[in-house]
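# Fold and geometry: a report
The primary structure of each chain is shown beneath.
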Amino acid sequence: MLVLIRGAGDLASGIALRLHHAHLSVVMTDLPQPTAIRRTVCFSQAIVYGSMTVEDVTARFCAAPENAAVILAAGEIPVLPDPEAKCRTALRPDVVVDAILAKKNLGTRITDAPCVIGVGPGFTAGKDCHAAVETMRGHTLGRALYHGSPLPNTNIPGLIGGFAGERVLRAPADGIFVQKFEIGASVRTGDIAGTVNGVPMLCQIDGMLRGILPDGTPVTRGMKSGDVDPRGKREYCDLVSDKALAIGGGVLEAILSLTGALRA
């Protein structure tokens with residue numbers, strides 16, 4: 001079974017990891033210049049570096065859909081710089097998973113594949129996808145929905161280590177982002193994690209920098225540009241999050257339920 005995942009950020013990568021471990025063939029797409037924050041656990045970095053290993057799975061840059069079969073045969077995940085997923089026509093996947101996490105549907109249709117799954121707000125099961133998966137932290141996180149929609153976006157990050165919105169670092173201005181710390185660095189309140197046109201982006205809490213945009217990324221004021229983890233554990237920078245794995249479990253359930261893959 002071939003699954004095409006739109007998006008290759010940290011949550012999409014958690015989904016891909018779960019599906020790969022379940023022996024499904026996975027192909028991913030992302031922007032030519034990815035804007036992922038948690039870059040150490042994002043398969044999108046294969047577009048930047050040629051390959052990217054997250055935990056025990058490796059993804060590889062794929063220039064064109066006709067090259068995907070060779071990468072899949074090697075046990076790896078092809079990642080194409082194809083934000084509109086035009087490769088879908090050539091690949092003809094059994095499943096399309098929209099995990100762009102744009103908080104709205106950017107063009108995925110229920111007719112894109114025999115099984116279409118939308119991840120997070122902006123999708124309605126039965127309308128633009130066959131199933132949707134909840135991404136809001138809480139009692140329903142990771143739940144596969146076969147009717148209705150995931151909870152609407154609140155613009156409030158989930159609580160980790162007692163902190164929510166304070167964890168997220170946002171661009172202080174429009175312009176080009178300049179990175180000041182590497183992922184895994186210990187930071188304190190008031191530290192300058194990056195700048196945009198000379199305007200500092202300040203850490204709001206003490207902790208460990210779990211994610212940050214790379215130098216040279218174009219940003220707009222208020223754009224998410226970094227993530228401080230108050231728990232301060234270095235290993236968390238290199239592990240797919242509990243949230244990503246929960247969502248991945250919901251996607252896997254939806255695929256198996258909708259395709260009858262285990263019935264025979």
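Residues numbered from 1 in each chain as written. Predicted model: local features only at pLDDT ≥ 70, side-chain atom pairs only at ≥ 80, totals over all residues. Heavy atoms only, no water.

As a further point, take the overall build of the protein. Scanning the protein from N- to C-terminus turns up five helices and 17 strands. For the protein, the C-alpha atoms occupy an extent of roughly 60 × 40 × 30 Å along the three principal directions. Within the protein, the fraction of its 264 residues that count as buried is 48%. A separation threshold of at least 6 residues defines the contact pool for the protein, and within that pool the share at least 24 residues apart is 53%. The average position of the 26 basic charges and that of the 25 acidic charges among the side chains of the protein differ by 4 Å. (Helix = DSSP H or I, 4+ residues; strand = E, 2+ residues; numbered from the N terminus. Buried < 20%, exposed > 50% of the residue type's maximum accessible area, 1.4 Å probe, protein only. Contact = heavy atoms within 4.5 Å. Lys, Arg positive; Asp, Glu negative; His and termini not counted. Charge placed at Lys NZ, Arg CZ, Asp CG, Glu CD.)

With that settled, the discussion passes to the sheet that holds strand 4 (residues 57-61). Reading across from one edge, 3-4-5-2-1-6-7-8-9 is the order of the nine strands in this open sheet, with mixed pairing throughout. The strands lining the two open edges of the sheet, one partner per strand, are strand 3 (51-54) and strand 9 (144-145). For strand 1 (residues 2-6) and strand 6 (residues 95-98), the ladder comprises four bridges, and the chain directions are parallel. Bridge pairing in strand 6 places R6 opposite D98. Sitting on the sheet, helix 1 (residues 10-21) is in contact with strand 1, strand 2 (25-30), strand 3, strand 4, strand 5 (77-81) and strand 7 (115-119), with an inclination near 165° to strand 2. Those strands touched by helix 5 (residues 242-259) are strand 1, strand 6, strand 7, strand 8 (131-133) and strand 9, and its axis lies near 160° from that of strand 7. (Pairing = 2+ DSSP bridges. Axes fitted to C-alpha atoms, helices over the stretch in contact; angles between N-to-C directions.)

To continue, consider the nonpolar core. I5, L19, M28, F43 and V251 are the most contacted members of the largest nonpolar core, which totals 38 residues. Ignoring sequence-local partners within four residues, the contact set of V251 consists of I15, L19, V97, I117, V119 and V133. In terms of nonpolar packing, the next biggest core, distinct from the first, is built from 19 residues, L169, V196, M201 and V219 among them. (Core = buried A, V, L, I, M, F, W, Y, C linked by side-chain atoms within 4.5 Å.)

Our next topic: the environment of F181. Structurally, the position occupied by F181 is in the loop between strand 11 (175-179) and strand 12 (186-187). Along the chain, F181 and A193 lie 12 residues apart, while their C-alpha atoms are 5.7 Å from each other. Ignoring any residue separated from it by four or fewer positions in sequence, one finds F181 in contact with V187, D191, I192, A193, L209 and I212.

On to the layout of surface pockets, then. What the largest pocket holds in volume is close to 1400 Å³. At three residues, the largest contribution of residues to the lining of the largest pocket is made by helix 1. Here the lining of the largest pocket is built from residues that sort into 23 nonpolar, 11 polar and 13 charged. Each pocket or cavity is described by its volume, and for the second largest pocket that value is around 170 Å³. Around the second largest pocket, the lining residues are R38, R137, I160, R210, R231, Y236, L239, V240, S241 and D242. In terms of residue class, the lining of the second largest pocket is made up of four nonpolar, one polar and five charged. (1 Å grid on protein atoms, 1.4 Å probe; cavity = no way out; pocket = protein on both sides within 12 Å on 5 of 7 lines; lining within 4 Å. Points joined across faces, edges and corners; volume = space filled by probe spheres on them. Nonpolar A, V, L, I, M, F, W, Y, C, P; charged D, E, K, R; others polar.)

Spatial ordering of the open sheet is given by 10-17-15-12, a layout of four strands whose pairing is antiparallel. Only two strands of the sheet have a single partner each, and these edge strands are strand 10 (168-170) and strand 12. By the bridge criterion, four bridges tie strand 15 (residues 207-212) to strand 17 (residues 224-229) in an arrangement that is antiparallel. Paired with L209 across the bridge in strand 17 is V228.

Bringing the pattern of salt bridges into the picture now. All chains considered together, the criterion is met by 11 salt bridges. Here R188 and D206 are joined by a salt bridge, their closest N and O atoms 3.4 Å apart. Of this pair, R188 sits in the loop between strand 12 and strand 13 (192-196) while D206 sits in the loop between strand 14 (199-202) and strand 15, and the two are 18 residues apart along the sequence. Under the relative-accessibility criterion, D206 is labelled partly exposed at 33%. (Salt bridge = Lys/Arg side-chain N within 4 Å of Asp/Glu carboxyl O.)

Here we take up empty space enclosed by the protein. For the coordinates displayed, the defined rule picks out one cavity of 30 Å³ or more. Along the lines of polarity and charge, the residues of the lining of the largest cavity split into six nonpolar, no polar and three charged.

Here helix 1 crosses helix 5 at 55°, and the two axes come no closer than 8 Å. Judged by the angle between their axes, helix 1 and helix 5 are oblique. The two elements helix 1 and helix 5 meet at a crossing, and its hand is right-handed. In this structure, helix 1 contributes D10, L11, G14, I15, R18 and L19 to the contact, and helix 5 contributes K243, A244, L245, A246, I247, G248, G249, V251, L252 and I255. (Parallel < 35°, antiparallel > 145°, perpendicular 65-115°, else oblique. Left-handed = near helix turned anticlockwise from the far one by under 90°.)

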